[in-house]
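Listed here are the chains, written in short residue letters.
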Amino acid sequence: MKQLDLNGIWKMRRLTAPDMTNNTAVSSSPDSAVPNVSVNSAAANSSAGTAAAEVSANTADAEWLDAAVPGSVASALLACGRMPDPYLADNERKVLPIFDHDFEFVRHFTADRALLAHDQVLLHCDGLDTLCDLLLNGTLFASCDNMHRTWIFDVKSLLREGENTLSLTFHSAAAYVKAHPSRVGKPYSVIRKAACMFGWDWGLALPDMGIWRDIYLETFDAARLEHLQVEQRHQENGAVELTLSVTAENWNKASLHAQVFSPDGEILFDGAPDENGLCSLSIDTPQLWWPVGYGGQPLYTVCVTAEKNGVLCDSRTLRIGLRTIVLDRSPEGNGSRYSFLVNGVPVFFRGENLIIPDAILSRFDSRGWERIVESALSSNVNALRVWGGAIYPSDRFYELCDEAGILLFHDLMFACSFYEISPDFLENVRAETRDNLRRIAHHACLALLCGNNEIDAIYTVSGSSDPETAALRVMFGSGDPLPRETLDLLWAMYRPLFCKLLPALCRTCAPDTAYVTSSPCGSVPGSAQSFFDYMDDGDMHYYLQYNDNAPYQKMRQFRCRFMTEMGFQSYPSLKTLRTFADEASLSPYSPVMLAHQKCIRGNETIELYMERDYFVPQEFGDYVYLSQLQAGEILKYSVEHFRRDASYCRGVILWQQGDCWPVVSWSGIDYCGRWKAQQYYIRRFYAPVLLSVCESDRDAAFWITNDTPRAVNATVRWQLRTAAGDAIRGGEAEGSVAPGEAREALRIPLSLTQEERRSHVLTYSLWENGRMLCEGSTLLCLAKEFAWRRPQLSLNVRENPDSYEITVAADCYAKGVCLDTRTGDCLFSDNFFDLVPDSARVTTVARKDATGISSADELRSVLQAVTLGDVLLRAQGT
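Throughout what follows, the structure given in this document is the object of discussion. Computed from a predicted structure; not experimentally measured.

1. Let's talk about the overall build of the protein chain
And step 1. In terms of helices and strands, the protein chain carries 20 helices and 47 strands.
And step 2. Scaling as 2.2 N^0.38, a compact globule of 878 residues should have a C-alpha radius of gyration of about 29 Å, and the protein chain matches this with 28 Å.
And step 3. Its C-alpha atoms put the protein chain at 85 × 70 × 65 Å along the principal axes.
And step 4. By residue count, 60% of the 878 residues in the protein chain fall in the buried class.
And step 5. For the protein chain, long-range pairs separated by at least 24 residues make up 73% of all intrachain contacts whose partners lie at least 6 apart in sequence.

Structure, rendered in structure tokens:
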């Protein structure tokens, strides 16, 4: 039972670290995909904790500073004005030497006689980042070496009545990885710390340290409940059998009691576990939990208490959803399925990837998790992926996903590198995995556990002789395939961890959740001979840039079972860029901007695709706009293709939803929370009922995709229009699509000359019961070849009690209409949309989403718009 909260203001000081001759950051970008392996080098030290003393022999050399906990070295130094903000300008390189030092955090607290009278007094540390020695009243009682673990220590014998001093010394992770190079993987692989903290192709290198989650003292008398696990068994008759398993310390000294409540609060079970800590019940008419769009999200409550002589000793409460989630990997055709069934119903994953939420974790709070889930829901996203190079999210995140019906594709925290195993390493990972699975396994949202990110793919790329895969290997800096001896060494490190230890832990701690070894991965781990084998026999990660900058039109050549990563880079909002760059630095190739572009040849790739379809604007504001619109268009083209192939492809999870600092990246929402074009496009092409067009030189096919549990009977309407927006012909057709299917509803010939294609556009909409479900337009030539007119837009603002309503109209065809405000910020219900003269668009802004704007008059005064035609005409000097 929690007794003494140790969060709050601590004291922190820097300790003298050993002389570091090289202060360069350790960069672990996935742009180095092929491992650098030295077969004959000495093995790395087996335990980070025992090696901490090798890194530094410390003496104090700095004054004590206030440090808020939860927090870190970076957050404390920033709060005290002792470190420049690494997010600004090119400060990242200036602050890196700080993290070669060790730091001490100290807290004084009072323990009274009542606290010391308890049977147990435990120090509970929810997150220590990462290499940490703990002293209580001058006595070293523990050394920790894993950021992802929950650390609990019995400290009663070290406490004294009155004032006590708790000291935590954090050893430099940056210094540690330099002193302990891995022989099989990237530098970060030798330490159990978020991999991306050492730098990524969207993240700065900031190997921070500190007390990053809650720390407190808890007391127990008699029994302590260690774990409550709930297993579900769904019967053919619809009933659900629940088995509760209670693990307790000294549980024979107390009475255990269990209760289960329905979502409506009705008591369904009230009794005691047996001598093995087990009890079970059957729910004959269960209320099933469903993903968003398929049904409700009712949650049952399970509560277990331990009492002695009528006094509560401990309790555990879980909220669970009754559902089955099965990953179908059965053989089919030239590969195997990768399809999720929830309660027996196939569900197409419309997802986004999550990275670490902030490079300085204390800047992110529970409201941030709420924004992530809210953004997903408002973007028609029904699935999120927790990526393996970051952190296990807080409890609040899983609760929100349960309540919202968001499915989780959940990596364990391993990414983009082989890991050198040892008995100590495996035991550390065992404890880490057990801690987190016990915390999250009961959540209804948990759809899949995945051992790692991309290590199977690295193994494939490292040894493949396939030409396209070999080209990928060359792009990442390697030439010939690795020799068989080296590949065997890598697999000998891989198999015990990802094919044995982790699946066994998942079966024990999360028996109701499927496990796969890696993403991407085929049906047999390590069996892929080509990177493209994952398309047919597993899930796939695909980036045009890493396929020799292939034209995005290549996407329609692919059939893919499940796309777990796909994305395209774009710039953040100009307002966000101005938070870290002065006006002189607002240029793609300024030193400051390049410090915030972490992808190798990232700008060159963006501009290559601009040159193919558009022009490269000279005005920086236009450049930012076009980078965003281009990313949205490429993803629209790709995702709509995969959704039309719904009988084969059963999910797309885009890279990525948000950023961890202001940066050029693959995100849909930039670090400041501003939606880029991509996120508005996602909202449209992830619509549960989608109308899309597959055009060719000869014709255009209109497809309806139905990701709902009901049949859709709708009307497709289309028009061929001139650049002026005049409709010259059109038509309509009825389409009926069963749940979970995609079907061609209409095909029309396009007998147009090349000149006619440059001056005409195809517009379309889908209607059901008199209501328009979606609409859009498709150019019939490259955008740079189209006969653009500069549209005259009208923007009319009306004030409602809870929102502002903006009506946008154009006098000719307008594509990519982008609304923004010169000051303040708005989250629009729709943006980056297309217009024709006879159809105005109404977009709304909730008052809560209008920051710095308090009235319709104020919104009118700052509202502005730009279109793709404007940008391309300026780029041509017209």
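2. Focus: the sheet that holds strand β20 (residues 325–328)
And step 1. Across the sheet, which stays open at both edges, the three strands sit in the order β20-β23-β24 with antiparallel pairing between neighbours. Each edge of the open sheet carries a strand with a single partner, namely β20 and β24 (345–347). In this sheet, neighbouring strand axes are inclined to one another by 35° on average, regardless of whether the strands run parallel or antiparallel.
And step 2. Note that β20 and strand β23 (residues 339–342) share four bridges and pair antiparallel. Counterpart to V326 in the pairing with β23 is L341.

3. Here's the deal with the packing of aromatic side chains
And step 1. Counted by the stated rule, this structure contains 47 aromatic pairs.
And step 2. Where F349 meets F562, the ring centres are 5.7 Å apart and the plane angle is 65°; that geometry is what we call edge-to-face. Of this pair, F349 sits in strand β25 (residues 349–354) while F562 sits in the loop between β30 (540–542) and β31 (563–566), placing them 213 residues apart in sequence.
And step 3. Given a relative accessible area of 1%, F349 falls into the buried group.
And step 4. A centroid spacing of 4.5 Å and a plane angle of 20° characterise the contact between W491 and Y494, whose relative ring orientation is stacked.

4. Details of the sheet that holds strand β14 (residues 240–249)
And step 1. If you trace the three strands from one edge of the open sheet to the other, you get β13-β14-β17, paired in antiparallel fashion. The open sheet terminates on both sides in strands that have one partner only, identified here as β13 (224–234) and β17 (278–283). Between one strand axis and the next, the sheet turns by 20° as a mean value, whatever way the strands run.
And step 2. Direction of pairing for β14 relative to β17: antiparallel, over a ladder of six bridges. Within β17, the residue paired with S245 across the bridge is L278.

5. Looking at the side chain of D100
And step 1. Looking at the element boundaries, D100 is found in the loop between α3 (92–95) and β4 (102–111).
And step 2. Among the polar contacts made by the side chain of D100, one reaches the side chain of K178 at a distance of 3.2 Å.

6. Side note on helix α8 (residues 423–440)
And step 1. When the terminal C-alpha atoms of α8 are compared, their 26 Å separation across 18 residues agrees well with the 26 Å that a helix rising 1.5 Å per residue should span.
And step 2. Packing partners of the buried residues in α8 comprise β8 (139–145), α7 (395–404), β27 (407–411), β28 (446–450) and α11 (484–509).

7. Side note on α11
And step 1. With 26 residues, α11 should reach 38 Å at 1.5 Å per residue; the first-to-last C-alpha distance of 36 Å fits that figure.
And step 2. By the largest-angle criterion, Y494 marks the main kink of α11, which is about 40°, and a proline, P496, follows within four residues.

8. Structural notes on the pairing of strand β41 (residues 803–810)
And step 1. Counting buried positions along β41 yields six of eight residues, so the element is predominantly enclosed.
And step 2. For strand β40 (residues 793–799) and β41, the ladder comprises seven bridges, and the chain directions are antiparallel. Note that in β41 the partner of R798 across the bridge is E805.
And step 3. Where β40 hands over to β41, the hairpin turn is made up of three residues, counted between the paired strands.
And step 4. As judged from the six bridges shared by β41 and strand β45 (residues 841–846), these two strands associate in the antiparallel manner. Following the sheet pairing, I806 is matched in β45 by T843.

9. Overview of the packing of helix α16 (residues 620–644) against helix α20 (residues 868–875)
And step 1. Here α16 crosses α20 at 125°, and the two axes come no closer than 10 Å. Regarding the angle of α16 to α20, the classification is oblique. For α16 against α20, the interelement crossing comes out left-handed. Residues D622, Y625, L626 and L629 of α16 touch α20, and the partners they reach there are L868, V871, L872 and R874.
And step 2. In the contact of α16 with α20, the residues fall into six nonpolar, no polar and two charged.

Definitions and cut-offs
Residues numbered from 1 in each chain as written. Predicted model: local features only at pLDDT ≥ 70, side-chain atom pairs only at ≥ 80, totals over all residues. Heavy atoms only, no water. Helix = DSSP H or I, 4+ residues; strand = E, 2+ residues; numbered from the N terminus. Rg over C-alpha atoms; globule rule 2.2 N^0.38 Å. Buried < 20%, exposed > 50% of the residue type's maximum accessible area, 1.4 Å probe, protein only. Contact = heavy atoms within 4.5 Å. Pairing = 2+ DSSP bridges. Axes fitted to C-alpha atoms, helices over the stretch in contact; angles between N-to-C directions. Phe/Tyr/Trp six-rings, centres within 6.5 Å; stacked < 30°, edge-to-face > 60°. Polar contact = N/O pair within 3.5 Å; in protein donor to acceptor, adjacent residues only side chain to side chain. Expected span 1.5 Å × (residues − 1). Bend = angle between axes of the 7 residues up to and from the residue. Parallel < 35°, antiparallel > 145°, perpendicular 65-115°, else oblique. Left-handed = near helix turned anticlockwise from the far one by under 90°. Nonpolar A, V, L, I, M, F, W, Y, C, P; charged D, E, K, R; others polar.

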